[in-house]
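# Chain and residue survey
So the chains spell out like this:
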Amino acid sequence: MDLTFTEEERAFRREARLWLEANVPPGPHPSGDTADGFDFCRRWERELFDARWAVVSWPERYGGRGASLVEWLIFEEEYYRAGAPQRVSQNGIFLLAPTLFELGTEEQKERILPAMAAARALWAQGWSEPGAGSDLAALRSRAVRDEARGGWLLTGQKTWCTRAAFCDHLFGLFRTGTGKEHARHKGLTYFFVDLRAPGVTVRPVGRLDGDAGFADVVLEDVFVPDGDVLGRVHEGWSVAMSTTSSERGLSLRSPGRFLATAERLVALYRRERERGAGVACRERVVDALLDAEAYRLHTFQTVSKMAEAGAKMGAESSLNKIFWSEMDLAMHETALALLGPSAPLVEGPDGAWMKGFEFALAGPIYAGTNEIQRNIVAERLLGLPRK
Amino acid sequence: MRFAFTEEQLAFRDATRAMLARICPATAVRTAWDPASSGRDPARWKVLADAGIVGLLVDEAQGGLGRRVIDLVLLIEEAGRAALPEPLVETALVAAPLLAATGSPTANEWLARIVSGDATITTSLDGEPLVADAHVADRIIVQARDTMLLVDPRECSVVHQPTVDGARRIFTLGSDPRGLALTPGDPARGLAARAFDHGALGVAAMQLGLAARMIDLAVAHVSTREQFGQPVGSFQAVKHHLADALLALELARPLVYRAACSLSHDRVHAALHVSMARARADQAAGIAARKSLQCHGAIGYSFEYDLHLFMKRSWALSSAFGTTSFHRDRVGVVCLDGDSPPPDPFGEP
Ligand SMILES: Cc1cc2nc3c(=O)[nH]c(=O)nc-3n(C[C@H](O)[C@H](O)[C@H](O)COP(=O)(O)OP(=O)(O)OC[C@H]3O[C@@H](n4cnc5c(N)ncnc54)[C@H](O)[C@@H]3O)c2cc1C
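### Some details on the overall build of chain B
- A count of helical and extended segments in chain B gives 11 helices and nine strands.
- Rg of the C-alpha trace for chain B: 20 Å, near the compact-globule value of 20 Å for 349 residues, within the 12% margin.
- Within chain B, buried positions represent 59% of all 349 residues.
- In chain B, once contacts between residues fewer than 6 apart in sequence are set aside, the share between residues at least 24 apart is 72%.

### Some words on the domain arrangement of chain B
Residues and elements named next belong to chain B.
- Along its sequence, chain B is organised into domain 1 (7-188) and domain 2 (189-335).
- Distance from the C-alpha centre of domain 1 to the C-alpha centre of domain 2: 21 Å.
- Facing the 41 residues of domain 1 at the interface are 41 residues of domain 2.
- In this assembly, domain 1 packs against domain 2 so that about 3400 Å² is buried in total across both faces, 65% of it on carbon and sulfur atoms.

### Structural notes on helix α10 (residues 351-360) of chain A
- Within the span of α10 of chain A, buried status applies to Gly351, Trp353, Met354, Gly356, Phe357 and Ala360 of chain A.
- In this structure, the buried side of α10 of chain A is in contact with α7 (255-274) and α9 (316-339) of chain A.

### Some details on the interface of chain B and chain A
- Chain B puts 48 residues into the contact, and the matching count from chain A is 54 residues.
- Summing both sides of the interface, chain B and chain A together bury roughly 5000 Å²; the carbon and sulfur share of this comes to 62%.
- For the chain B face of the interface with chain A, the top three residues by lost area are Met1, Leu336 and Phe346 of chain B, together amounting to 20%.
- In this structure, the connection of chain B to chain A is made through 12 salt bridges.
- Residue Arg282 of chain A pairs with Asp337 of chain B through a salt bridge whose shortest N-O separation is 2.8 Å.
- In this structure, the connection of chain B to chain A is made through 27 residue pairs in polar contact (both at pLDDT 80 or more).
- Listing elements by their share of the side of chain B that touches chain A, those giving two or more residues are α7 (186-224), β9 (230-231), α8 (236-264), α9 (270-296) and α11 (324-337) of chain B.
- Partitioned by chemical class, the residues of the side of chain B that touches chain A number 28 nonpolar, 10 polar and 10 charged.

### Thoughts on unusual backbone geometry
- In the segment running from Gly27 of chain A into Pro28 of chain A, the intervening peptide bond is cis, with an omega of -5°.
- Here Pro28 of chain A is to be found in the loop between α1 (7-23) and α2 (35-50).
- Even without glycine at this site, Asp266 of chain B takes up a positive phi of about 50°.
- Following the sequence through the fold, Asp266 of chain B ends up in the loop between α8 and α9.
- Exposure remark for Asp266 of chain B: the relative accessible area of 53% places this residue in the exposed category.

### Considerations on the site of the ligand
- Close to the ligand lie 17 residues; Ser128, Ser134, Trp160, Thr162 and Thr369 of chain A are nearest.
- The environment of the ligand is shared, with nearby residues belonging to chains A and B.
- At 2.7 Å, a backbone N or O of Ser128 of chain A approaches an oxygen atom of the ligand.
- Against a free-state accessible area of 960 Å², the protein chains account for coverage of 66% of the ligand.
- Looking at the shell around the ligand, the element that brings in the most residues is helix α11 (residues 370-381) of chain A, giving three residues.

### Side note on the environment of Ala337 of chain A
Residue and element names in this part refer to chain A.
- Tracing the backbone shows Ala337 in helix α9.
- Among the residues examined, Ala337 registers a relative accessible area of 35% and is labelled partly exposed.
- Look past the residues within four positions of Ala337 in its chain and what remains in contact with it is Cys281 and Arg284.

### Focus on the domain arrangement of chain A
Residue and element names in this part refer to chain A.
- Assigned domains within chain A: domain 1 (7-88), domain 2 (123-242) and domain 3 (253-381).
- Of note, the centres of domain 1 and domain 3, computed from C-alpha atoms alone, are 21 Å apart.
- Counting from both sides, the interface comprises nine residues of domain 1 and, opposite them, 11 residues of domain 3.
- Counting the surface domain 1 buries against domain 3, the share from its top three residues, Leu73, Glu77 and Tyr80, is 60%.
- The tally of links from domain 1 across to domain 3 stands at one salt bridge.
- Summed over the shared surface of domain 1 and domain 3, the number is three residue pairs in polar contact (both at pLDDT 80 or more).
- Top element by residues in the side of domain 1 that touches domain 3 is helix α3 (residues 69-81). It accounts for eight residues.

The rules behind the values
- Residues numbered from 1 in each chain as written.
- Chains lettered and ligands numbered in written order.
- Predicted model: local features only at pLDDT ≥ 70, side-chain atom pairs only at ≥ 80, totals over all residues.
- Heavy atoms only, no water.
- Helix = DSSP H or I, 4+ residues; strand = E, 2+ residues; numbered from the N terminus.
- Rg over C-alpha atoms; globule rule 2.2 N^0.38 Å.
- Buried < 20%, exposed > 50% of the residue type's maximum accessible area, 1.4 Å probe, protein only.
- Contact = heavy atoms within 4.5 Å.
- Domains from an automatic or database assignment.
- Buried area = accessible area lost by both parts, 1.4 Å probe.
- Salt bridge = Lys/Arg side-chain N within 4 Å of Asp/Glu carboxyl O.
- Polar contact = N/O pair within 3.5 Å; in protein donor to acceptor, adjacent residues only side chain to side chain.
- Nonpolar A, V, L, I, M, F, W, Y, C, P; charged D, E, K, R; others polar.
- Near = heavy atom within 4 Å.
- Areas by Shrake-Rupley, 256 points an atom, 1.4 Å probe, with all protein chains shown as cover.

In structure tokens, the structure reads:
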């Protein structure tokens, strides 16, 4: 066990810190879930890419630095420490890319990854449907074979697709099998869809926090060539599961984000204590610090295990997902309690807390609700009977 | 950055677990409750000493294995899983390194006896009024302010104070105990503060093991107990209780292992790290106790069933080497109250 950073890791941190300090645009930044904010964030993503900070852990030929997992975590820490803008590339670089690296063809990787890294192509995730939320395998959007053109015709409706109103592409699951042997998980296939293709209608849907953010994506006989199938036909479920553990676990919400929130919370606590208020929240601030620290260490433990055993994250990612989402919510609730009368304000120096609280409320819902995660923990980690 | 135990450390843990299952089954913990007996088994202690566990931190020159806290933490965790009645934390993790650090000539003599399993030594640090195992300890290290004495419990009055855990024996010491001065002046305080942190870390590790054991008991029970024609463990409310217990345990672990690492390397913030570990390990054991009891139903509430042995040890330990609240508060003192800047959250962990 060696909890000190190596010379290379330190140098990596220094380099990241210096670059971010010099280049992060002064805040507050517009939300990436609004049209203007999305454009702003896309431009920022390009700057990141040009300086090779967009996808540090990817191989160099796709625009990365071949950084280790620990270095990636360091970069994330520095990114949030610097208060840099929201990553609108997130669904692509963190959720699709790991799956592509694992299961994509060379052609797909060459075509998709560099454009994704450079924010020339931004991706949305198309899993949920009106009738399929937690029970994703109940999805009904389908793909019918188009032998003549060498591809598939996609029809159906995807919903709650984050930033799909502004994105260029969508990855999602569609039902390709129709026979009895293809029920539920068995007859699904993983597709890439061009959101500007004929037959695609994208309808923005407002979110609780007022941002346009979500979109419904309606598809009517949208042609997708064979080259845009990821993995094998009818085996989309296992392809998709490799994405879910990235989403729940490591990549979607790395510790840096919460270290930064905890640090802001401590600053807020100190300020409010000076004003005479806030002492009643001391215990809650202590918990926020403990949470952020525990999550950081737990993540270092996880990546050490992954680096050594070459292991993938399995059901353990469900523990992470429950933990980060509930920690995030608790931190924001504590901040609002500290703010007292100014808690409801959504503009000005403290307004970010209410906005952040609204977003944190979604954490226990997206990426698989926490009820579903608790089922997974109980069944897969503790071995409790399914039925 | 490598946050992982070595193969050797893990193998030692596995061997210790197997050994404790043999020499310290739940029936043995129950036996240790007997108020008519000392509740301690010298033969069991000897096995632990022969395995090198008791003298793990003692220098090789003195017959020990010369290892560090990080090598011991997993073994203490196993002692927690077994609810070991003997004072392993007090002797191996607190007294032995403290004696060695005093550099006093008598220390060497006692270290040799600790290593061979012929002596147990417990402590009363910083005026702490309650001492573990004074009825069997060969010596007690008593520190208050600038004095640190090696006291023979037979030469001072010790009074048993029954606790919720019949296997954990706690005593008050008569005022002004007399004994051999180990180290005078300032060093006494510094050494005692470090020893206290060792003890608190030991408690945290015990709590991890206790929590794991309580979860194991619940999982075994709910997987076989049937109601409404199915195992109760298939009900979602039961699943979620136990998932919460596992979550608290798994997220407490790295704090405990990090603290062990910080103590091993005398890191600047070791004391803070220990308090963070205690805050979350105590909490995890508390959650495991509540959730496990709830998932057992009435069987868990019966004295004949073993669960309470582990619950009660956890409650009793929550106030050893600082209470849970003390440690939570110490996190606040360092990170929130001080005028000096708290440790950099983005710095070395
Ligand atoms: C901010 C945000 C962003 C999102 N972004 C995307 C996106 O980009 N792409 C995408 O595809 N989806 C996205 N989603 C959708 C998200 O994946 C779903 O909301 C989620 O999977 C839950 O499905 P649902 O909303 O239909 O709820 P339901 O499945 O209807 O669940 C309702 C309630 O019932 C509970 N429940 C359901 N089944 C069980 C069960 N078996 N056991 C216990 N409790 C159960 C749930 O936990 C929940 O509390 C997003 C959601 C949010 C809030």
